[in-house]
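Structure assessment
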Amino acid sequence: MNRYVPEFLLMFICAVAGIIAAGCSKKEASVVFAVGGAPAEIDFWEKTIQRFEEQSGIPVELLRQPTDTDQRRQNLVTALRASRSTPDLFLMDVAWIAQFAASEWLEPLAPFLEGSPLSINVFFEPVIRTAATYNGTLLALPVYVDAGLLYYRKDLLEKYGFAKPPELWDELVAMAHTIIRGESQEGNELTGFVWQGAQYEGLVCTFLEFAGSNGGGITIADSLPIVATDRNRSALAFMHGLVHSEKISPVNTGTDMKEEEVRFSFQKGAALFERNWPYAYSLHQADDSPVKGKTGIAVLPRFVGGTSAATLGGWHIGLSRFSRQKERAFALIAYLLSYEVQKASALEAGWNPGRTDIYGDSTIMERLPHLVTLHDVFSHAVSRPNVPWYSYLSSVLQRWLNAALTGTVPVDEALNKCEKELRVIVERYSTRKQH
Ligand code: GLC
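Residues numbered from 1 in each chain as written. Predicted model: local features only at pLDDT ≥ 70, side-chain atom pairs only at ≥ 80, totals over all residues. Heavy atoms only, no water.

**Thoughts on unusual backbone geometry**
Cis geometry marks the peptide bond from Thr86 to Pro87, where omega comes out at 0°. Here Pro87 is to be found in the loop between α3 (69-81) and β3 (89-93). Backbone geometry places Glu104, a non-glycine residue, at a positive phi of 60°. Given the relative accessible area of 43%, Glu104 is considered partly exposed. (Helix = DSSP H or I, 4+ residues; strand = E, 2+ residues; numbered from the N terminus. Buried < 20%, exposed > 50% of the residue type's maximum accessible area, 1.4 Å probe, protein only.)

Written out as C-alpha coordinates, the structure is:
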(Lines give C-alpha, C1' and ligand atoms only; values in the text may rest on other atoms or scores of the structure.)
Protein backbone atom coordinates (compact mmCIF):
# COMPACT_ATOMS: atom_id res chain seq x y z
CA MET A 1 0.00 0.00 0.00
CA ASN A 2 2.76 2.41 1.08
CA ARG A 3 4.47 1.75 -2.22
CA TYR A 4 1.44 3.16 -4.07
CA VAL A 5 0.91 6.35 -2.09
CA PRO A 6 3.89 8.24 -3.41
CA GLU A 7 3.05 7.11 -6.94
CA PHE A 8 -0.53 8.20 -6.57
CA LEU A 9 0.61 11.50 -5.08
CA LEU A 10 3.08 11.98 -7.87
CA MET A 11 0.39 11.43 -10.47
CA PHE A 12 -1.92 13.81 -8.68
CA ILE A 13 0.77 16.50 -8.40
CA CYS A 14 1.63 16.08 -12.10
CA ALA A 15 -2.02 16.37 -13.06
CA VAL A 16 -2.49 19.52 -10.96
CA ALA A 17 0.75 21.01 -12.26
CA GLY A 18 -0.38 20.25 -15.80
CA ILE A 19 -3.66 22.02 -15.24
CA ILE A 20 -1.92 25.01 -13.67
CA ALA A 21 0.63 25.16 -16.45
CA ALA A 22 -2.08 24.95 -19.08
CA GLY A 23 -4.00 27.67 -17.25
CA CYS A 24 -0.92 29.87 -16.95
CA SER A 25 0.15 29.45 -20.51
CA LYS A 26 -3.38 30.16 -21.72
CA LYS A 27 -3.47 33.25 -19.53
CA GLU A 28 -0.12 34.44 -20.78
CA ALA A 29 -1.02 33.75 -24.35
CA SER A 30 -4.31 35.65 -24.25
CA VAL A 31 -4.30 39.33 -24.96
CA VAL A 32 -6.45 40.84 -22.22
CA PHE A 33 -8.62 43.68 -23.51
CA ALA A 34 -10.75 45.82 -21.15
CA VAL A 35 -13.98 47.13 -22.66
CA GLY A 36 -17.21 48.54 -21.25
CA GLY A 37 -20.41 50.24 -22.23
CA ALA A 38 -24.03 49.32 -22.80
CA PRO A 39 -24.87 45.60 -23.19
CA ALA A 40 -25.23 45.98 -26.98
CA GLU A 41 -21.71 47.45 -27.13
CA ILE A 42 -20.27 44.51 -25.18
CA ASP A 43 -22.04 42.17 -27.63
CA PHE A 44 -20.29 43.95 -30.47
CA TRP A 45 -16.90 43.44 -28.83
CA GLU A 46 -17.58 39.77 -28.23
CA LYS A 47 -18.43 39.15 -31.88
CA THR A 48 -15.47 41.18 -33.11
CA ILE A 49 -12.99 39.47 -30.84
CA GLN A 50 -14.22 36.08 -31.95
CA ARG A 51 -13.58 37.01 -35.61
CA PHE A 52 -10.09 38.25 -34.69
CA GLU A 53 -9.26 35.03 -32.85
CA GLU A 54 -10.38 32.96 -35.84
CA GLN A 55 -8.36 35.01 -38.29
CA SER A 56 -5.19 35.52 -36.27
CA GLY A 57 -5.05 32.53 -33.95
CA ILE A 58 -4.29 34.94 -31.09
CA PRO A 59 -6.55 34.28 -28.10
CA VAL A 60 -8.16 37.30 -26.46
CA GLU A 61 -9.74 37.62 -23.06
CA LEU A 62 -12.36 40.34 -22.75
CA LEU A 63 -12.44 42.12 -19.43
CA ARG A 64 -15.95 43.50 -19.11
CA GLN A 65 -16.20 46.83 -17.34
CA PRO A 66 -19.32 48.80 -16.35
CA THR A 67 -20.94 51.55 -18.43
CA ASP A 68 -20.03 54.45 -16.12
CA THR A 69 -16.79 56.10 -17.24
CA ASP A 70 -15.71 57.03 -13.67
CA GLN A 71 -15.93 53.40 -12.57
CA ARG A 72 -14.08 52.23 -15.65
CA ARG A 73 -11.25 54.66 -14.99
CA GLN A 74 -10.93 53.59 -11.38
CA ASN A 75 -10.74 49.90 -12.28
CA LEU A 76 -7.96 50.52 -14.76
CA VAL A 77 -6.07 52.88 -12.47
CA THR A 78 -5.94 50.17 -9.81
CA ALA A 79 -4.25 47.70 -12.19
CA LEU A 80 -1.91 50.25 -13.76
CA ARG A 81 -0.78 51.80 -10.49
CA ALA A 82 0.25 48.31 -9.41
CA SER A 83 2.18 47.90 -12.73
CA ARG A 84 0.14 44.81 -13.55
CA SER A 85 0.84 43.27 -16.94
CA THR A 86 -2.87 42.93 -17.71
CA PRO A 87 -5.05 44.27 -19.16
CA ASP A 88 -2.73 44.60 -22.15
CA LEU A 89 -5.17 46.84 -23.97
CA PHE A 90 -7.98 49.04 -22.78
CA LEU A 91 -10.44 51.62 -23.95
CA MET A 92 -9.92 55.08 -22.52
CA ASP A 93 -12.42 57.91 -22.32
CA VAL A 94 -11.05 60.96 -24.13
CA ALA A 95 -11.41 62.73 -20.76
CA TRP A 96 -8.73 60.65 -19.04
CA ILE A 97 -6.06 60.02 -21.66
CA ALA A 98 -3.94 62.91 -20.33
CA GLN A 99 -3.87 61.39 -16.86
CA PHE A 100 -2.81 57.99 -18.18
CA ALA A 101 -0.20 59.62 -20.41
CA ALA A 102 1.30 61.77 -17.64
CA SER A 103 1.43 58.73 -15.38
CA GLU A 104 3.49 56.95 -18.06
CA TRP A 105 1.12 54.03 -18.28
CA LEU A 106 0.83 54.10 -22.06
CA GLU A 107 3.17 52.58 -24.62
CA PRO A 108 4.06 54.92 -27.52
CA LEU A 109 2.33 53.65 -30.65
CA ALA A 110 4.35 55.19 -33.50
CA PRO A 111 6.97 52.37 -33.59
CA PHE A 112 4.19 49.78 -33.96
CA LEU A 113 2.49 51.74 -36.72
CA GLU A 114 5.64 51.62 -38.82
CA GLY A 115 5.34 48.60 -41.01
CA SER A 116 1.68 48.07 -40.07
CA PRO A 117 -1.10 48.47 -42.67
CA LEU A 118 -2.70 51.04 -40.37
CA SER A 119 -1.96 54.65 -41.22
CA ILE A 120 -2.29 57.52 -38.78
CA ASN A 121 -3.62 59.71 -41.62
CA VAL A 122 -6.99 57.97 -41.74
CA PHE A 123 -8.07 59.29 -38.33
CA PHE A 124 -9.66 62.65 -37.45
CA GLU A 125 -6.64 64.90 -37.37
CA PRO A 126 -7.82 67.24 -34.55
CA VAL A 127 -8.63 64.22 -32.38
CA ILE A 128 -5.17 62.75 -32.94
CA ARG A 129 -3.52 66.10 -32.28
CA THR A 130 -5.49 67.17 -29.21
CA ALA A 131 -6.47 63.91 -27.52
CA ALA A 132 -4.30 61.02 -28.69
CA THR A 133 -0.94 62.77 -28.56
CA TYR A 134 0.72 63.85 -25.33
CA ASN A 135 3.89 65.96 -25.35
CA GLY A 136 4.35 65.09 -29.01
CA THR A 137 4.08 61.30 -28.50
CA LEU A 138 1.23 59.26 -29.97
CA LEU A 139 -0.21 57.22 -27.09
CA ALA A 140 -3.72 56.31 -28.16
CA LEU A 141 -5.91 55.84 -31.23
CA PRO A 142 -9.59 56.76 -31.52
CA VAL A 143 -12.05 53.87 -31.76
CA TYR A 144 -15.06 56.20 -31.86
CA VAL A 145 -15.83 59.85 -31.47
CA ASP A 146 -18.81 61.06 -29.44
CA ALA A 147 -20.71 64.32 -29.37
CA GLY A 148 -23.96 65.13 -27.55
CA LEU A 149 -27.08 65.06 -29.76
CA LEU A 150 -30.81 65.76 -29.45
CA TYR A 151 -33.16 62.86 -30.10
CA TYR A 152 -36.84 63.66 -30.57
CA ARG A 153 -40.13 61.93 -31.30
CA LYS A 154 -40.73 62.78 -34.95
CA ASP A 155 -44.25 61.37 -34.86
CA LEU A 156 -45.32 63.51 -31.90
CA LEU A 157 -43.79 66.71 -33.23
CA GLU A 158 -45.64 66.15 -36.51
CA LYS A 159 -48.90 65.32 -34.73
CA TYR A 160 -48.80 68.69 -32.97
CA GLY A 161 -47.85 70.65 -36.09
CA PHE A 162 -44.17 71.25 -35.34
CA ALA A 163 -42.35 71.07 -38.65
CA LYS A 164 -38.84 70.80 -37.22
CA PRO A 165 -37.02 70.10 -33.97
CA PRO A 166 -36.41 73.03 -31.59
CA GLU A 167 -33.47 75.32 -32.31
CA LEU A 168 -33.79 77.23 -29.05
CA TRP A 169 -34.02 75.80 -25.53
CA ASP A 170 -37.17 77.88 -24.95
CA GLU A 171 -38.75 76.31 -28.02
CA LEU A 172 -37.98 72.86 -26.62
CA VAL A 173 -39.73 73.82 -23.37
CA ALA A 174 -42.77 75.24 -25.19
CA MET A 175 -43.09 72.18 -27.46
CA ALA A 176 -42.81 69.88 -24.48
CA HIS A 177 -45.63 71.66 -22.61
CA THR A 178 -47.95 71.58 -25.63
CA ILE A 179 -47.33 67.94 -26.41
CA ILE A 180 -47.42 66.70 -22.79
CA ARG A 181 -50.73 68.52 -22.28
CA GLY A 182 -52.22 67.14 -25.50
CA GLU A 183 -51.05 63.61 -24.78
CA SER A 184 -52.31 63.64 -21.21
CA GLN A 185 -55.79 64.57 -22.52
CA GLU A 186 -55.61 61.34 -24.49
CA GLY A 187 -54.53 59.46 -21.36
CA ASN A 188 -50.86 59.12 -22.37
CA GLU A 189 -48.23 59.84 -19.73
CA LEU A 190 -45.18 61.53 -21.20
CA THR A 191 -42.15 63.28 -19.81
CA GLY A 192 -40.65 66.17 -21.80
CA PHE A 193 -36.87 65.95 -21.84
CA VAL A 194 -34.49 63.35 -20.43
CA TRP A 195 -30.78 64.03 -20.01
CA GLN A 196 -27.78 63.04 -17.88
CA GLY A 197 -27.98 64.86 -14.52
CA ALA A 198 -26.71 62.28 -11.98
CA GLN A 199 -23.52 63.06 -10.07
CA TYR A 200 -20.96 61.63 -12.53
CA GLU A 201 -18.94 62.58 -15.58
CA GLY A 202 -22.01 62.73 -17.82
CA LEU A 203 -23.29 65.74 -15.85
CA VAL A 204 -20.13 67.70 -16.63
CA CYS A 205 -20.73 66.91 -20.31
CA THR A 206 -24.34 68.10 -20.29
CA PHE A 207 -23.43 71.22 -18.31
CA LEU A 208 -20.79 72.11 -20.91
CA GLU A 209 -23.47 71.88 -23.59
CA PHE A 210 -26.06 74.04 -21.80
CA ALA A 211 -23.38 76.53 -20.79
CA GLY A 212 -21.62 76.41 -24.16
CA SER A 213 -24.87 77.13 -25.99
CA ASN A 214 -25.17 80.25 -23.83
CA GLY A 215 -21.65 81.50 -24.58
CA GLY A 216 -20.28 80.06 -21.31
CA GLY A 217 -18.15 77.09 -20.31
CA ILE A 218 -15.16 76.19 -18.18
CA THR A 219 -11.93 78.01 -18.85
CA ILE A 220 -8.55 77.78 -17.20
CA ALA A 221 -6.79 81.07 -17.86
CA ASP A 222 -3.36 81.72 -16.33
CA SER A 223 -3.89 78.83 -13.94
CA LEU A 224 -7.19 80.37 -12.88
CA PRO A 225 -10.28 78.24 -13.38
CA ILE A 226 -13.38 80.26 -14.22
CA VAL A 227 -16.88 78.86 -13.89
CA ALA A 228 -18.81 81.40 -11.78
CA THR A 229 -19.91 83.58 -14.69
CA ASP A 230 -23.33 85.05 -15.53
CA ARG A 231 -23.67 82.86 -18.59
CA ASN A 232 -22.94 79.69 -16.63
CA ARG A 233 -25.29 80.79 -13.84
CA SER A 234 -28.21 81.24 -16.20
CA ALA A 235 -27.46 77.95 -17.97
CA LEU A 236 -27.36 76.06 -14.67
CA ALA A 237 -30.51 77.83 -13.45
CA PHE A 238 -32.19 76.71 -16.68
CA MET A 239 -31.13 73.10 -16.04
CA HIS A 240 -32.56 73.31 -12.53
CA GLY A 241 -35.75 74.87 -13.91
CA LEU A 242 -36.31 72.01 -16.36
CA VAL A 243 -36.79 69.70 -13.37
CA HIS A 244 -38.23 71.97 -10.68
CA SER A 245 -40.23 74.79 -12.26
CA GLU A 246 -41.01 73.78 -15.85
CA LYS A 247 -41.20 70.18 -14.63
CA ILE A 248 -40.58 68.79 -18.10
CA SER A 249 -37.62 66.67 -16.93
CA PRO A 250 -38.16 63.85 -14.42
CA VAL A 251 -37.62 64.45 -10.70
CA ASN A 252 -34.94 61.74 -10.65
CA THR A 253 -32.79 63.56 -13.23
CA GLY A 254 -30.23 64.54 -10.59
CA THR A 255 -30.18 61.21 -8.81
CA ASP A 256 -30.52 58.48 -11.41
CA MET A 257 -30.11 59.76 -14.93
CA LYS A 258 -27.03 58.41 -16.72
CA GLU A 259 -26.75 57.36 -20.39
CA GLU A 260 -28.62 54.09 -20.16
CA GLU A 261 -31.40 55.34 -17.86
CA VAL A 262 -31.99 58.22 -20.27
CA ARG A 263 -31.97 55.89 -23.27
CA PHE A 264 -34.42 53.42 -21.70
CA SER A 265 -36.85 56.19 -20.90
CA PHE A 266 -36.89 57.50 -24.48
CA GLN A 267 -36.80 54.06 -26.02
CA LYS A 268 -39.84 52.77 -24.18
CA GLY A 269 -41.75 55.78 -25.48
CA ALA A 270 -41.89 57.67 -22.17
CA ALA A 271 -40.04 60.83 -23.26
CA LEU A 272 -40.41 63.40 -26.03
CA PHE A 273 -36.81 64.65 -26.16
CA GLU A 274 -33.55 63.01 -25.13
CA ARG A 275 -29.94 64.19 -24.91
CA ASN A 276 -27.59 61.33 -25.60
CA TRP A 277 -24.50 60.17 -27.50
CA PRO A 278 -24.70 58.67 -30.99
CA TYR A 279 -24.78 55.05 -29.76
CA ALA A 280 -28.44 55.45 -28.77
CA TYR A 281 -29.60 55.89 -32.38
CA SER A 282 -29.18 52.34 -33.63
CA LEU A 283 -30.76 50.98 -30.45
CA HIS A 284 -33.79 53.27 -30.88
CA GLN A 285 -34.09 52.09 -34.47
CA ALA A 286 -33.72 48.39 -33.66
CA ASP A 287 -36.56 46.05 -34.61
CA ASP A 288 -37.69 45.50 -31.03
CA SER A 289 -37.65 49.21 -30.15
CA PRO A 290 -41.04 50.85 -29.51
CA VAL A 291 -39.69 54.09 -31.05
CA LYS A 292 -38.38 52.47 -34.23
CA GLY A 293 -39.09 54.77 -37.17
CA LYS A 294 -40.28 57.54 -34.81
CA THR A 295 -36.86 58.83 -33.72
CA GLY A 296 -35.49 62.08 -35.10
CA ILE A 297 -31.95 63.29 -34.47
CA ALA A 298 -30.66 66.87 -34.48
CA VAL A 299 -28.06 69.20 -33.03
CA LEU A 300 -28.75 70.34 -29.47
CA PRO A 301 -30.72 73.58 -29.04
CA ARG A 302 -29.10 76.87 -28.00
CA PHE A 303 -30.01 79.93 -25.98
CA VAL A 304 -30.93 83.18 -27.77
CA GLY A 305 -27.68 84.76 -28.95
CA GLY A 306 -25.69 81.52 -28.46
CA THR A 307 -24.69 78.69 -30.78
CA SER A 308 -25.44 75.00 -30.38
CA ALA A 309 -22.72 73.21 -28.41
CA ALA A 310 -21.86 69.52 -28.15
CA THR A 311 -19.31 68.04 -25.76
CA LEU A 312 -16.53 66.04 -27.36
CA GLY A 313 -16.50 62.51 -26.03
CA GLY A 314 -15.33 59.22 -27.34
CA TRP A 315 -13.12 56.28 -26.58
CA HIS A 316 -9.55 55.56 -27.56
CA ILE A 317 -7.58 52.37 -27.42
CA GLY A 318 -4.36 52.31 -25.41
CA LEU A 319 -1.59 49.74 -24.99
CA SER A 320 -0.32 49.22 -21.47
CA ARG A 321 3.35 49.96 -20.89
CA PHE A 322 3.37 46.95 -18.55
CA SER A 323 2.04 44.50 -21.15
CA ARG A 324 4.30 41.50 -21.79
CA GLN A 325 2.94 40.91 -25.28
CA LYS A 326 2.88 44.24 -26.99
CA GLU A 327 3.32 43.00 -30.57
CA ARG A 328 0.36 40.66 -30.31
CA ALA A 329 -1.70 43.31 -28.56
CA PHE A 330 -0.92 45.77 -31.33
CA ALA A 331 -2.10 43.20 -33.90
CA LEU A 332 -5.47 43.42 -32.18
CA ILE A 333 -5.39 47.24 -32.28
CA ALA A 334 -4.66 47.16 -36.02
CA TYR A 335 -7.55 44.77 -36.56
CA LEU A 336 -10.02 46.80 -34.47
CA LEU A 337 -9.13 49.96 -36.35
CA SER A 338 -9.22 48.38 -39.80
CA TYR A 339 -11.75 49.74 -42.31
CA GLU A 340 -13.81 46.58 -42.05
CA VAL A 341 -14.19 46.62 -38.25
CA GLN A 342 -14.67 50.38 -38.00
CA LYS A 343 -17.45 50.17 -40.57
CA ALA A 344 -19.04 47.28 -38.66
CA SER A 345 -18.83 49.32 -35.44
CA ALA A 346 -20.91 52.07 -37.05
CA LEU A 347 -23.47 49.64 -38.46
CA GLU A 348 -23.69 47.27 -35.51
CA ALA A 349 -22.92 49.44 -32.46
CA GLY A 350 -23.99 52.83 -33.87
CA TRP A 351 -20.62 54.46 -33.15
CA ASN A 352 -19.02 57.30 -35.08
CA PRO A 353 -15.79 55.76 -36.23
CA GLY A 354 -12.50 57.46 -35.43
CA ARG A 355 -11.50 56.89 -39.09
CA THR A 356 -12.70 59.56 -41.49
CA ASP A 357 -12.74 57.31 -44.58
CA ILE A 358 -15.78 55.42 -43.25
CA TYR A 359 -18.03 58.47 -43.64
CA GLY A 360 -17.82 58.29 -47.45
CA ASP A 361 -18.78 54.60 -47.52
CA SER A 362 -21.96 54.05 -49.56
CA THR A 363 -23.56 51.62 -47.08
CA ILE A 364 -22.90 54.05 -44.22
CA MET A 365 -24.36 56.97 -46.18
CA GLU A 366 -27.46 54.96 -46.94
CA ARG A 367 -28.03 53.28 -43.57
CA LEU A 368 -26.74 56.02 -41.22
CA PRO A 369 -27.34 59.30 -43.07
CA HIS A 370 -27.25 61.28 -39.81
CA LEU A 371 -23.54 60.39 -39.38
CA VAL A 372 -22.88 62.28 -42.55
CA THR A 373 -25.31 65.18 -41.98
CA LEU A 374 -24.18 65.69 -38.38
CA HIS A 375 -20.53 65.39 -39.29
CA ASP A 376 -19.96 69.07 -38.44
CA VAL A 377 -21.06 68.51 -34.85
CA PHE A 378 -18.17 66.12 -34.37
CA SER A 379 -15.62 68.42 -35.91
CA HIS A 380 -16.65 71.38 -33.72
CA ALA A 381 -17.39 69.67 -30.44
CA VAL A 382 -16.24 71.31 -27.18
CA SER A 383 -13.41 69.55 -25.29
CA ARG A 384 -13.17 69.17 -21.55
CA PRO A 385 -9.98 70.62 -20.01
CA ASN A 386 -7.23 68.36 -21.32
CA VAL A 387 -5.08 68.14 -18.19
CA PRO A 388 -3.73 65.11 -16.32
CA TRP A 389 -5.60 66.11 -13.19
CA TYR A 390 -8.94 66.46 -14.98
CA SER A 391 -10.57 63.77 -12.82
CA TYR A 392 -10.03 65.99 -9.74
CA LEU A 393 -11.61 68.97 -11.48
CA SER A 394 -14.44 66.79 -12.67
CA SER A 395 -15.30 65.39 -9.26
CA VAL A 396 -15.59 68.93 -7.84
CA LEU A 397 -17.74 70.01 -10.78
CA GLN A 398 -19.91 66.92 -10.50
CA ARG A 399 -20.58 67.58 -6.81
CA TRP A 400 -21.50 71.26 -7.08
CA LEU A 401 -23.40 71.04 -10.35
CA ASN A 402 -25.44 68.21 -8.94
CA ALA A 403 -26.07 70.10 -5.68
CA ALA A 404 -27.43 73.04 -7.70
CA LEU A 405 -29.46 70.80 -9.96
CA THR A 406 -31.14 68.96 -7.13
CA GLY A 407 -31.77 72.25 -5.32
CA THR A 408 -29.62 71.41 -2.27
CA VAL A 409 -27.51 74.54 -2.83
CA PRO A 410 -28.58 77.70 -4.73
CA VAL A 411 -27.03 78.04 -8.20
CA ASP A 412 -24.97 81.17 -7.33
CA GLU A 413 -23.48 79.66 -4.21
CA ALA A 414 -22.77 76.34 -5.94
CA LEU A 415 -20.79 77.97 -8.77
CA ASN A 416 -18.88 80.27 -6.41
CA LYS A 417 -17.88 77.42 -4.10
CA CYS A 418 -17.08 75.22 -7.07
CA GLU A 419 -14.74 77.83 -8.50
CA LYS A 420 -12.92 78.18 -5.16
CA GLU A 421 -12.35 74.43 -4.93
CA LEU A 422 -11.25 74.22 -8.54
CA ARG A 423 -8.73 76.95 -7.85
CA VAL A 424 -7.14 74.91 -5.06
CA ILE A 425 -6.81 71.91 -7.40
CA VAL A 426 -5.33 73.93 -10.22
CA GLU A 427 -2.83 75.57 -7.86
CA ARG A 428 -1.85 72.23 -6.42
CA TYR A 429 -1.50 70.23 -9.61
CA SER A 430 -0.84 72.52 -12.50
CA THR A 431 2.93 72.25 -12.17
CA ARG A 432 3.21 68.67 -10.92
CA LYS A 433 2.98 65.25 -12.48
CA GLN A 434 -0.02 63.37 -11.19
CA HIS A 435 -0.48 59.63 -10.61
C1 GLC B 1 -19.52 58.90 -23.18
C2 GLC B 1 -18.43 59.75 -23.81
C3 GLC B 1 -17.37 60.06 -22.81
C4 GLC B 1 -17.99 60.74 -21.60
C5 GLC B 1 -19.05 59.86 -20.99
C6 GLC B 1 -19.77 60.58 -19.86
O7 GLC B 1 -19.04 57.64 -22.90
O8 GLC B 1 -17.86 59.09 -24.92
O9 GLC B 1 -16.38 60.88 -23.39
O10 GLC B 1 -17.03 61.07 -20.63
O11 GLC B 1 -20.00 59.49 -21.98
O12 GLC B 1 -20.71 59.79 -19.26
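**Quick look at the domain arrangement of the protein**
The domains assigned to the protein are domain 1 (7-146 + 312-382) and domain 2 (149-311 + 386-434). Taking only C-alpha atoms into account, the centre of domain 1 sits 29 Å from that of domain 2. Between domain 1 and domain 2, a total of about 2,300 Å² is buried, with carbon and sulfur atoms accounting for 62% of that surface. One can count 1 salt bridge joining domain 1 with domain 2. For Asp68, the salt bridge identified is with Lys258, shortest N-O distance 2.6 Å. Breaking the side of domain 1 that touches domain 2 down by element, the ones donating at least two residues are α2 (39-56), α3, α4 (97-102), β13 (312-319) and α18 (375-379). A class-by-class count of the residues in the side of domain 1 that touches domain 2 yields 15 nonpolar, 9 polar and 6 charged. (Domains from an automatic or database assignment. Buried area = accessible area lost by both parts, 1.4 Å probe. Salt bridge = Lys/Arg side-chain N within 4 Å of Asp/Glu carboxyl O. Nonpolar A, V, L, I, M, F, W, Y, C, P; charged D, E, K, R; others polar.)

**As for the site of the ligand**
Around the ligand sit 13 residues, and of these Asp93, Asp146, Glu259, Gly314 and Arg384 come closest. One of the side-chain N or O atoms of Trp277 is found 3.0 Å from an oxygen atom in the ligand. Contacts to the ligand include Gly314, whose backbone N or O atom sits 2.8 Å from an oxygen atom. Notes on the ligand: free accessible area 310 Å², of which the protein chains cover 94%. If you list the elements that add at least two residues to the shell around the ligand, you get α9 (201-212) and β13. In terms of residue count, the dominant contributor to the shell around the ligand is β13 (3 residues). Looking at the shell around the ligand, its residues break down into 4 nonpolar, 4 polar and 5 charged. (Near = heavy atom within 4 Å. Polar contact = N/O pair within 3.5 Å; in protein donor to acceptor, adjacent residues only side chain to side chain. Areas by Shrake-Rupley, 256 points an atom, 1.4 Å probe, with all protein chains shown as cover.)

**Considering the packing of aromatic side chains**
Applying the stated criterion to the full structure yields 21 aromatic pairs. Ring centres of Phe44 and Trp351 lie 5.4 Å apart, and the angle between their planes is 80°; on these two criteria the pair is classed as edge-to-face. Linking Phe44 in helix α2 with Trp351 in the loop between α15 (339-349) and α16 (362-367), this pair joins segments that are 307 residues apart in sequence. The exposure class assigned to Phe44 is buried, which follows from its relative accessible area of 2%. When its relative accessible area of 2% is taken as the criterion, Trp351 is described as buried. When the ring of Phe210 is compared with that of Phe238, the centres are 6.1 Å apart and the planes differ by 50°; the resulting orientation is tilted. Of this pair, Phe210 sits in helix α9 while Phe238 sits in helix α10 (residues 230-244), and the two are 28 residues apart along the sequence. Of the two residues, Phe210 and Phe238, both sit in the buried class. Ring-pair connections join several aromatic residues into one group, and the members of that group are Trp169, Phe193, Trp195, Phe210, Phe238 and Phe303. Directly above the ring of Trp315 sits Arg72, whose terminal nitrogen or CZ lies 3.8 Å from the centroid. (Phe/Tyr/Trp six-rings, centres within 6.5 Å; stacked < 30°, edge-to-face > 60°. Lys NZ or Arg CZ within 6 Å of the ring centre and 35° of its normal.)

**Examining the sheet that holds strand β1 (residues 31-35)**
The strands that make up a sheet pair up through hydrogen bonds in the backbone, lying either parallel or antiparallel. Strand order in the open sheet formed by 5 strands is β2-β1-β3-β13-β6, and the pairing between neighbours is mixed. The open sheet has two free edges, formed respectively by β2 (60-64) and β6 (141-147), since each of these has just one partner strand. Averaged over neighbouring strand pairs, the angle between their axes works out to 20° when direction is ignored. Summarising the sheet, β1 and β2 pair through 5 bridges and their orientation is parallel. Along β2, the bridge assignment pairs Val32 with Glu61. (Pairing = 2+ DSSP bridges. Axes fitted to C-alpha atoms, helices over the stretch in contact; angles between N-to-C directions.)

**Some points on the packing of helix α19 (residues 390-406) against helix α20 (residues 411-429)**
Here α19 crosses α20 at 170°, and the two axes come no closer than 9 Å. Between α19 and α20, the angle is such that the two are roughly antiparallel. Taken together, the residues of α20 that come into contact with α19 (itself represented by Tyr392, Leu393, Val396, Leu397, Arg399, Trp400, Leu401 and Ala404) are Val411, Ala414, Leu415, Lys417, Cys418, Glu421, Leu422, Ile425, Val426 and Tyr429. When the residues that make up the contact of α19 with α20 are grouped by side-chain class, the tally is 15 nonpolar, no polar and 3 charged. (Parallel < 35°, antiparallel > 145°, perpendicular 65-115°, else oblique. Contact = heavy atoms within 4.5 Å.)

**A short note on the pattern of salt bridges**
Scanning the entire structure with this criterion turns up 21 salt bridges. With a closest N to O distance of 2.7 Å, Arg355 and Asp357 form a salt bridge. We classify Arg355 as buried; its relative accessible area is 9%. Relative accessible area serves as the criterion here: at 29%, Asp357 is assigned to the partly exposed category. Several salt bridges converge on common partners, so that one network encompasses Lys47, Arg51 and Glu348.

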